[in-house]
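# Structure assessment
As a plain string of letters, each chain reads:
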Amino acid sequence: MKIKQFEYKPLSHFSYALISDGEMAIVDPERDPMQYYEFAYKNKAKIIAVIETHPHADFVSSHLQIHKETGANIYNSKKLGADYPHISFDDGIRINIGKATLTAMNTPGHSPDSISIVADDGDKKVLFTGDTLFIGDVGRPDLREKAGNMKAKRKELAEAMYETMLHKFTNLPNDTLVYPAHGAGSLCGKNLSDAASSTLGNERMSNWAFQEQTKEQFVATLLESQPFIPSYFGYNVMLNKRGAKNLRKSIAKVSFKLNTTAKGLLVDVRTDAEFKKGHLKGSLNIEATSEDSKFETWLGAIIAPKEKFSLVIEKPQDLDMILQRVAKIGYEKQLKKVITLAKEDLIANKPLNLQNFKAHPDEYTIVDIRNMSEINEGSFFENALPRPLNELRKTAKTIPTDKPIVVHCAGGYRSAAGTSIIENLLKNATVYDLSEDVKEFNQ
């Protein structure tokens, strides 16, 4: 039994391929299936199964495309209510992949339709946990109150997670390998480890969810201080329930124009430095040039599902990259066009006089756009106004404009986006981006 873990860092997503005796299964695939095809080709394996542990909220899966292009069966829980061809995969049901046996177990908690998968080839056991069990944590229970075939209140799912952790994994040995669907940085949990895998024995010792506690204590801990829910999460749940369109065909429909301008909602994905040198009036800066940037998360948090928008890129070579990233969350359907900029009619941003700000901070309105969970842990500036970035397009007009506005986050990435939003909505305000200087200010 050969297992390959694939990682998509911007969404902290793990997917898997399992090969045994020339047959291959894929678990929780991302939007682009080509890497799985390449792995199958190199290992002379036939893809016969693709398994969804639940309808994912933070990315779009390629399970339907894989089914259509390879003939592989799709397996998931009958509770999911999938609209695509599939085979139910619930408690005790087994499928054979070569000499390996994959057994399903229903593990509700993150969602009512979550499953985990035990793979066993006689030599070792592997547990694919989806978003149920993470390394150091468990999946959040508050994403299925408004989306999915089965809706459930967060308290009900937290209680279900307690029962899952108490009973579902008890018969598996400590040396069972644990492979989750997400790692640190994912919004599907709050305290995920940097580790990409673990053993069940290690998790039993160190993961808080396995420790002895009452149901009330478990539920209170799980519900406390969960991160915000981006607006695209419910949309992705429903899209994954239906099955996404073929990626290649979908992104091919987006138009591209060189050296031009655009109107309407614009997202400029260039670096904040390039954006500040010159950008179109009204455009929002959500940087996507870095491989590790959280572009998908913030695009899906700031831009609502089905809201039409256009993108500004730096150079033509960036086109394929940005289309792939937009499609990771299924937003290519609402993308009107992608452009590179003409040199005319661009607006530049003035830099903040950091020394004056340090000497006279009371002469500025300071806006903290970090998440509320971060703000609750402590503020950089005592009198800063809390306006989390994911809500800023709705709350920006509540910011006073009688003083220059200084926007900050923790590391600079979000403040560039926040500054552009405030600048766009408060037409006569003077807005500065503190960016990474927040660190220097507090040294």
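Calculation notes
- Residues numbered from 1 in each chain as written.
- Predicted model: local features only at pLDDT ≥ 70, side-chain atom pairs only at ≥ 80, totals over all residues.
- Heavy atoms only, no water.
- Patch = residues over 30% accessible without salt bridge, like charges linked within 9 Å, V, L, I, M, F, W, Y side chains within 5 Å.
- Areas by Shrake-Rupley, 256 points an atom, 1.4 Å probe, with all protein chains shown as cover.
- Salt bridge = Lys/Arg side-chain N within 4 Å of Asp/Glu carboxyl O.
- Lys, Arg positive; Asp, Glu negative; His and termini not counted.
- Charge placed at Lys NZ, Arg CZ, Asp CG, Glu CD.
- Helix = DSSP H or I, 4+ residues; strand = E, 2+ residues; numbered from the N terminus.
- Buried < 20%, exposed > 50% of the residue type's maximum accessible area, 1.4 Å probe, protein only.
- Core = buried A, V, L, I, M, F, W, Y, C linked by side-chain atoms within 4.5 Å.
- Contact = heavy atoms within 4.5 Å.
- Pairing = 2+ DSSP bridges.
- Polar contact = N/O pair within 3.5 Å; in protein donor to acceptor, adjacent residues only side chain to side chain.
- Axes fitted to C-alpha atoms, helices over the stretch in contact; angles between N-to-C directions.
- Parallel < 35°, antiparallel > 145°, perpendicular 65-115°, else oblique.
- Left-handed = near helix turned anticlockwise from the far one by under 90°.
- Nonpolar A, V, L, I, M, F, W, Y, C, P; charged D, E, K, R; others polar.

Turning next to a positive patch on the surface. Together, Lys 68, Arg 242, Lys 245, Lys 249, Lys 253, Lys 306 and Lys 333 make up a positively charged patch on the protein surface. Within the secondary structure layout, Lys 306 lies in the loop between helix 9 (295-302) and strand 16 (309-312). Residue classification places Lys 306 among the exposed residues on the basis of a relative accessible area of 68%.

The next thing to look at is the nonpolar core. Leu 299, Phe 309 and Ile 422 are the most contacted members of the largest nonpolar core, which totals 57 residues. Of all the elements in the fold, those that place two or more residues in this core are helix 6 (233-242), helix 7 (247-252), helix 9, strand 16, helix 10 (319-327), strand 17 (335-341), strand 20 (405-408) and helix 14 (413-425). In this view, Phe 309 contacts Leu 265, Val 267, Leu 299, Ile 303, Val 326, Tyr 331, Gln 334, Leu 335, Lys 336 and Lys 337; residues no more than four positions away in its chain are not counted.

The element strand 10 (residues 125-130) is extensively covered by neighbouring structure, given that 5 of its 6 residues are classed as buried. Pairing analysis gives 4 bridges linking strand 9 (residues 115-120) to strand 10, with the strands arranged antiparallel. Residue pairing across strands places Ala 119 opposite Val 126, the latter belonging to strand 10.

One can find Arg 144 in the loop between strand 10 and helix 3 (154-167). Side chain to side chain, Arg 144 and Asp 113 meet in a polar contact 2.8 Å long.

A few words now on the sheet that holds strand 7 (residues 94-97). Taken together, the 6 strands give an open sheet; going across it, the order is 7-8-9-10-11-12, and neighbouring strands pair in mixed fashion. Of all the strands in the sheet, just strand 7 and strand 12 (198-199) have a single pairing partner and so form its edges.

In this structure, Met 161 sits in helix 3. The sequence separation of Met 161 and Gln 226 amounts to 65 residues, and the corresponding C-alpha distance is 15 Å. Non-local contacts of Met 161, meaning those with residues more than four positions away in its chain, are made with Pro 108, Gly 109, His 110, Thr 132, Val 138, Gly 139, Phe 218 and Leu 222.

What the 4 strands build is an open sheet, ordered 19-18-20-21; its pairing is parallel. Either end of the sheet is taken by a strand with one partner, and the two such strands are strand 19 (385-386) and strand 21 (431-433). Looking at chain direction, strand 18 (residues 365-368) and strand 19 are connected through 2 bridges and run parallel. When the bridges of strand 19 are listed, Asp 368 appears paired with Pro 386. Across the face of the sheet, helix 14 comes into contact with strand 18, strand 20 and strand 21 while running at roughly 170 degrees to strand 21.

Right, let's get into the packing of helix 9 against helix 14. Closest axis-to-axis distance for the helix 9/helix 14 pair is 12 Å, and the angle between their directions is 25 degrees. Judged by the angle between their axes, helix 9 and helix 14 are roughly parallel. Here helix 9 and helix 14 pass one another in a crossing that is right-handed. Of the residues in helix 14, those in contact with Phe 295, Trp 298 and Ile 302 of helix 9 are Tyr 413, Arg 414, Ala 417 and Ile 421. Partitioning the contact of helix 9 with helix 14 into residue classes produces 6 nonpolar, no polar and 1 charged.

Here we take up the pattern of salt bridges. Considering all chains together, one arrives at 21 salt bridges under this definition. A salt bridge links Lys 328 to Glu 30; the shortest N-O distance between them is 3.2 Å. With Lys 328 in the loop between helix 10 and strand 17 and Glu 30 in the loop between strand 3 (23-27) and helix 1 (34-42), the pair connects residues that are 298 residues apart, well separated along the chain. Taking the relative accessible area as the measure of exposure, Glu 30 reaches 8% and is therefore buried. Its salt-bridge partner being Lys 276, residue Asp 433 comes within 2.7 Å of it at the nearest N-O pair. On the criterion of sequence distance, the pair formed by Asp 433 in strand 21 and Lys 276 in helix 8 (residues 272-277) is long-range, its members being 157 residues apart.

Taken by themselves, the reported measurements are silent on function.
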